[in-house]
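Per-entry structural report
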Amino acid sequence: MKRIILFLLIISIFQPLFADNNPNSEKSVLQGTIIDKSSGTPLIGVDLYFPDLKIGGVTDINGHYYIDGLPGTSAMIEVSYVGYQTISRKINLKTTRTANFSMSESADQMDQVVVTGVSKATQIKIDPVPLVTVNKVYINEHASAGNVIAEIANLPGVSAVTTGPNISKPFIHGLGYNSVVTLEDGIRQEGQQWGDEHGIEVDQNSINRVEIIKGPASLSYGSDAIAGVINLLTAPPVPKGKILGSVTGVYGTNNGLINGSFKLQGNHNGLVWGTVISNKEAKNYQNRHDGRVYATGFKERDARAMIGINKSWGYSYLNASLYDDLQDIPDGSRDSLTRQFTYQTTEADTYRPVVPESVLNSYAIPTLHQHVQFYRIYDNSNFNLGQGNLIVNLGYQYSHRREYTHPEAPAVAGLNLKLTTYTYGAKYNFNIGKGYETTLGVNGMYQISTLGASTDFPIPAFHQFEIGGFFITKKSFGKLNLAFGARYDTRSIKGQAAYVDTTVQYFPTLYKGQNPTETPNVIQQFSALHKAFSGATGSFGATYNFSRIFLIKANIAQGFRAPNIAELSANGPDPGSQIYHVGDTHFKPEFSLQADLGFALTLPYLSINVDLFDNNIQNYIYQEQMLDANGNPERVNSNGTPNPNGQYSRFTYVQNAARITGGDFSLNITPVSWLQFRNSLSLTYGTNLGNGGNEPDSLRYLPFIPPLHTHSELRATSAKGFGNFRNLYVFFGFDHFAPQNRYFAAYGTETYTGGYNLISAGFGGNIVNKTGNPVVEIFLEGTNLANINYQSNMSRLKYFDNPAVPKGVQRGIFNMGRNISLKVVVPFDMSPHKDHN
């Protein structure tokens, strides 16, 4: 398999080098001028980009641009400029050589008008699938977030289960874990997503844009995309003849976050390259209720490099990245009298001293911590072939997760999981008949997971293979846009039997000798497993534009998700989550049927968007806490033996029918071009349907369902600014999270969460030189400015505490208090000569 993947990778990279002699590789150019619509003055530094071609340009001091090396085809172009409304237009490059644009100032800096994570680059307003995107401006303005998922977790319909500020697992409309597919540049992210505290191993400094597909209509991505897709996109290549870079620094006051990044990109006549190097660290975060929260610090190092070629025949980009994270492991233990945090010092764990203030306020990583390393090599290629284009994506990933949990043997890993993943995908875009845009594709992955030297074994070693084929067709009939498609997936999982030698107290090891069933102190941890799952999915949707100001969307889709290895075979502790997981080999695959209905009204001073969904899921898999003989939440030791003071809570996976309904609503008022009042509301209801009968109140709802959330923001912008200050902005935000009284109360799995309100604000802008190019970009953001004490029902730390707490004391850890973050970006230009224009 390794040789096959390596061979395909080499072919995809080097075959295009000889393709310029292909007579079908027709070359074209596009040039024009971009001006301010109100004043007629030229705009400097406007970005023009063809997403499907990965080719772009930028306007010069006269507002002129020139892009060559374009294929003779029709492609979507996106024209964007900070402080102005983004423009998208489909251009026939066979016949068009000049395209001029007039841009209008706008206070809306978040929404993009084109999404690329579907079959081809598509305007959001005409696609029936619920979509949302954010650009680099939005990401920069939310620099206080500790990771890229936290940066988008405030968007309508999107949330995150968190374990401190640096670990966030994405959720879409109440579904997460292996129900959401996360991609980087279209390559599937695979890093033990089943784990509660296993975050997304991506450098937030390298991400330039995020696209989110809500619901199972994403036929391009297969099993596990039953909730939707989050596509994290790195920066596009710079224009020809350019060498551009930046140095970025971020500081956060709450936990002393220090985040530095260096970026450099170049393009020499279509030979493109780039690199991003980052370093991030933080102390323990703090709030008024808990003070500094012990073991929530981290140190993260990241590096990535890209080299590729982009010509009229297409492109091929080879990427490599490294993610290296040292992450504290919190457990919430406290002194019973003072409620100060304590820490483990011995294996027997009979006494815990209070954490000294010097340790709480330190950047040092404690003895008990995680070490997560994630290596990735992948290639994105696109070949203009015949009357269409062939996209080939190949990837290799290696995830190494170690959790050190032995205070008297700090070099011995409690958890040691190694996961190797090979991903592959190919799709061909072409037209059938008159305007039937069609995509045929196949993709999948092969995984090998092994257990390294360790003492805790939550899942067995396993092999997994999956493959799926699909088609998607789109057609416009005047004001009506249709999209439909189908997919079929298969997945096979082979889990290996394993035995554990428990001879040495606190330090069990995998037994690799003969006759395990007859050897003293050797117990069976896992039985052999061989499972195969398959399922068909489909989608049909339509968008009808009644006029330029009003449209309606509808989509119905069936999703499919095969159970993962943890859900089938788990039988052991995950130290970082404090959970002893128990799986079930009898699980069936999940199937969902989701209906979406949306409305959009766009007036000169007002826009309204409504997206409603109803998702019915058969065989929905989730976790619930188990009870001991006395009816209390069961606590166990690392070997699974019951202990009322044990370190782990025992959770089992269960499967039932479920229904998740709700909607996302937005109302944006723009009385003048520089002022906008944004409002959004997200509502998600999760109902446990059980096996068809009436469920008791404690079982009525589903776990990890976000509460009603409203966001209001008053925002003012000035693209022209004054003097040497440009692209100025200021905003004031208010978030309301309603009480979550619809929670999964059975067996103490979840508890009631009170409502809370958060106030935020930010301002920033650019300092430019005489030619209008920025020399410094500044972004200041404040979150939880009222410094309130609150617990989110999506925070796992809400349940981290002693097994028993004093009467009248609020259990668990509270979220972060007030935080002020400052982000400074210093761009630079090392281009050897001026552009053609």
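Up top you'll find the structure we're talking about.
Residues numbered from 1 in each chain as written. Predicted model: local features only at pLDDT ≥ 70, side-chain atom pairs only at ≥ 80, totals over all residues. Heavy atoms only, no water.

Concerning a nonpolar patch on the surface
Residues Ile608, Leu667, Ile669, Phe677, Leu714, Val730, Phe732 and Phe763 make up a contiguous nonpolar surface patch of roughly 630 Å² in combined accessible area. Put simply, the parts of the chain that give the nonpolar patch at least two residues each are strand S40 (648-672) and strand S43 (725-737). (Patch = residues over 30% accessible without salt bridge, like charges linked within 9 Å, V, L, I, M, F, W, Y side chains within 5 Å. Areas by Shrake-Rupley, 256 points an atom, 1.4 Å probe, with all protein chains shown as cover. Salt bridge = Lys/Arg side-chain N within 4 Å of Asp/Glu carboxyl O. Helix = DSSP H or I, 4+ residues; strand = E, 2+ residues; numbered from the N terminus.)

Here we look at the sheet that holds strand S4 (residues 64-71)
Spatially, the three strands line up as an open sheet ordered S4-S1-S7, and their pairing is mixed. Of all strands in the sheet, those with a lone pairing partner are S4 and strand S7 (101-103), marking the two edges. Adjacent strand axes in the sheet meet at a mean angle of 30°, parallel and antiparallel pairs treated alike. (Pairing = 2+ DSSP bridges. Axes fitted to C-alpha atoms, helices over the stretch in contact; angles between N-to-C directions.)

Overview of the pattern of salt bridges
For the coordinates displayed, the defined rule picks out 33 salt bridges. Lys474 is paired through a salt bridge with Asp127; the nearest N and O atoms lie 3.1 Å apart. Residue Lys474 is found in strand S28 (residues 462-477), and its partner Asp127 is found in the loop between strand S9 (122-123) and strand S10 (131-134); the two are separated by 347 residues along the sequence. Summarising the burial analysis for this pair, Lys474 and Asp127 share the class buried. Between Lys214 and Asp664 there is a salt bridge, and its shortest N-O distance comes to 3.0 Å. Residue Lys214 is found in strand S15 (residues 207-214), and its partner Asp664 is found in strand S40; the two are separated by 450 residues along the sequence. (Buried < 20%, exposed > 50% of the residue type's maximum accessible area, 1.4 Å probe, protein only.)

Observations concerning the packing of aromatic side chains
Taken as a whole, this structure holds 23 aromatic pairs when the rule is applied. Aromatic side chains Tyr294 and Tyr343 sit 6.3 Å apart centroid to centroid with 55° between the ring planes, which places their arrangement in the tilted category. Of this pair, Tyr294 sits in the loop between strand S21 (291-292) and strand S22 (298-311) while Tyr343 sits in the loop between strand S23 (314-328) and helix H4 (357-360), and the two are 49 residues apart along the sequence. Chaining the aromatic ring pairs together yields one cluster made of Phe171, Tyr177 and Phe704. Above the plane of the ring of Phe477 lies Lys475, whose end atom (NZ or CZ) is 5.3 Å from the centre. (Phe/Tyr/Trp six-rings, centres within 6.5 Å; stacked < 30°, edge-to-face > 60°. Lys NZ or Arg CZ within 6 Å of the ring centre and 35° of its normal.)

Some points on the pairing of strand S16 (residues 228-234)
Counting buried positions along S16 yields seven of seven residues, so the element is predominantly enclosed. Where strand S13 (residues 180-184) and S16 come together, five bridges link them in parallel fashion. Across the sheet, residue Glu184 finds its bridge partner in S16, namely Leu232. Bridge analysis of S15 against S16 gives seven bridges, and the strand direction is antiparallel. Looking at the pairing, Glu211 lines up with Asn231 of S16.

Quick word on the pairing of strand S33 (residues 529-545)
The pairing of strand S29 (residues 480-495) with S33 spans 16 bridges and is classified as antiparallel. Among the inter-strand pairings, Asp489 is bridged to a residue of S33, identified as Gly535. In the sheet, S33 pairs with strand S34 (residues 550-561) via eight bridges, with the strands oriented antiparallel. By the bridge assignment, Thr543 is partnered in S34 with Lys553. Taking the residues between adjacent antiparallel strands as the criterion, S33 and S34 are bridged by four residues.

The quantities given are spatial measurements derived from coordinates; they are silent on function.
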